[in-house]
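Per-entry structural report
Here's the letter readout for the chains.
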Amino acid sequence: MDLNLVSFPGLGLEFELRKYAFIVFGIEIYWYGIIITLGFLAAVIMASRSCRKYDLTPDNILDLVLFAAPVAIIFARLYYVVFSWDQYKNDLTAIFRIRDGGLAIYGGVIGGLLVAWLYTKKKKIPFLHLADFGIPYLVFGQGVGRWGNFTNQESFGTITDLPWRMNGNIIDRYIVNEGADPSVFGVHPTFLYESAWDIAVFLFLLFYRKKKKVDGEVLFMYFILYGTGRALIESLRTDSLWLGGFRASQLLSVILVIVGLALFLYRRIISRKKAEEEPVALGQSRYGALLMKMKEEEEALESVAESDSEAIEDSDTETGEKAAASGDDDTGSEAADGSKTGE
């Protein structure tokens, strides 16, 4: 059925959504793809508008996007297919039907970061600097993209009777199969949980990007924050990809948090040691430049003061000499007058 009925009965909200927005040349254009594309474009526009503040250019952003976007989609699909192989092994053509859903965020992140690393090597741009700049926009795109799960009525959570529980024609079938009553119970809207968390992380990373001490901190903070949220939310989902007895994305999230925290602390410690061991070189930063300028002004004032002091001393010496000469003339005059008097 193309028409999805979705409701939040505890909140008095109800929606009727088709899986597709419109049809072009007989091809249904799904809301899922439109929403992901809009989130992606919004992230690119924001990055392009602010990149110059971080010694990057819009061309850097656009070039990276052109390479990273297709690779990220391929990796996102491969990640999903690998952990859902039973679903595709008997129909390999289904692997290419991305419109039906089945893109794993972690696969996309891995692919995107790999392309970014290769790009920075070619362009001689510090990878961690570029990653710190771009990672907030990535998590923004993730937050917007989650609403594609809403239109497809997928990625929902376990049964609950909370006021913000979600119901729908697809969801209600799941609830009935679990032996519960859809008129009383719904499911956790985990797509909404993650979307809200992602937008909150996006806003925090934008703020933290201005306060970071060393390159890499924003990227590692993304690992910590997104990994923490995803690990908690993943425990509620009913469509998790499994690796043995573990939820694959939850396991990866925990690893991401540990790695992110370790790298964050490592960079801080190394930075602090370097600051303690290396002498401060004036002029290497804005603060250093200010100190250099103050030092130059101080030296100039001392030079002027010394010149004035020397001028005063020379003036006093000259005055003394004139006074002495004047004294000698007066003595001679007096002697002459005495001589005349004697005569």
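Residues numbered from 1 in each chain as written. Predicted model: local features only at pLDDT ≥ 70, side-chain atom pairs only at ≥ 80, totals over all residues. Heavy atoms only, no water.

What follows covers the overall build of the chain. When you go through the chain residue by residue, the secondary structure sums to 10 helices and 9 strands. Counting over 343 residues, the chain shows a buried share of 36%. Look at the contacts in the chain between residues 6 or more apart in sequence, and 66% of them connect residues 24 or more apart. Taken as a whole, the chain presents about 20600 Å² of accessible surface, with 63% of it coming from carbon and sulfur. (Helix = DSSP H or I, 4+ residues; strand = E, 2+ residues; numbered from the N terminus. Buried < 20%, exposed > 50% of the residue type's maximum accessible area, 1.4 Å probe, protein only. Contact = heavy atoms within 4.5 Å. Areas by Shrake-Rupley, 256 points an atom, 1.4 Å probe, with all protein chains shown as cover.)

With that out of the way, let us pick up the pattern of salt bridges. Counting across every chain of the model gives 10 salt bridges. Note that Arg-146 is salt-bridged to Glu-194, the shortest N-O span being 3.3 Å. Remark: Glu-194 occurs in helix H7 (residues 190-209) and Arg-146 occurs in helix H5 (residues 127-152); sequence separation between them is 48 residues. We note that Arg-146, like Glu-194, is buried. When the shortest N-O distance is used, the salt bridge between Lys-212 and Asp-215 registers 2.8 Å. (Salt bridge = Lys/Arg side-chain N within 4 Å of Asp/Glu carboxyl O.)

Within the largest apolar cluster, 41 residues are counted, with the highest numbers of intra-cluster contacts made by Leu-64, Phe-133, Val-139, Leu-205 and Tyr-222. Only helix H1 (31-50), helix H2 (58-83), helix H4 (105-123), H5, H7, helix H8 (217-234) and helix H9 (248-277) provide two or more residues apiece to this core. For Leu-205, the contacting residues outside a window of four places in its chain are Ile-135, Pro-136, Val-139, Val-218, Met-221 and Tyr-222. Judged by nonpolar contacts, the second largest core, of 10 residues, contains Phe-8, Phe-156, Met-166 and Ala-180. (Core = buried A, V, L, I, M, F, W, Y, C linked by side-chain atoms within 4.5 Å.)

Axis separation between H5 and H7 bottoms out at 8 Å; the angle between their running directions is 165°. Judged on the interaxial angle alone, H7 and H5 are roughly antiparallel. The crossing of H5 and H7 is left-handed. For the contact of H5 with H7, the class distribution of residues is 15 nonpolar, 4 polar and 5 charged. (Axes fitted to C-alpha atoms, helices over the stretch in contact; angles between N-to-C directions. Parallel < 35°, antiparallel > 145°, perpendicular 65-115°, else oblique. Left-handed = near helix turned anticlockwise from the far one by under 90°. Nonpolar A, V, L, I, M, F, W, Y, C, P; charged D, E, K, R; others polar.)

So, about the packing of aromatic side chains. Evaluation of the coordinates by the stated rule reveals 18 aromatic pairs. When the centroid spacing of 6.3 Å and the interplanar angle of 75° are considered together, the rings of Tyr-80 and Tyr-88 count as edge-to-face. Clustering of aromatic rings is evident, with ring pairs tying together Phe-8, Phe-15, Trp-147, Phe-150 and Phe-191. (Phe/Tyr/Trp six-rings, centres within 6.5 Å; stacked < 30°, edge-to-face > 60°.)

Moving on, we come to H4. Every α-helical turn comprises 3.6 residues, leaving residues that sit three or four positions apart pointing alike. Under the 1.5 Å per step criterion, the end-to-end length of H4 is 27 Å for 19 residues, consistent within 8% with the ideal 27 Å. Here H4 has its buried residues at Tyr-106, Gly-107, Gly-108, Val-109, Gly-111, Gly-112, Val-115, Ala-116, Tyr-119 and Thr-120. The secondary structure elements touched by the buried residues of H4 are H2, H5, H8 and H9. (Expected span 1.5 Å × (residues − 1).)

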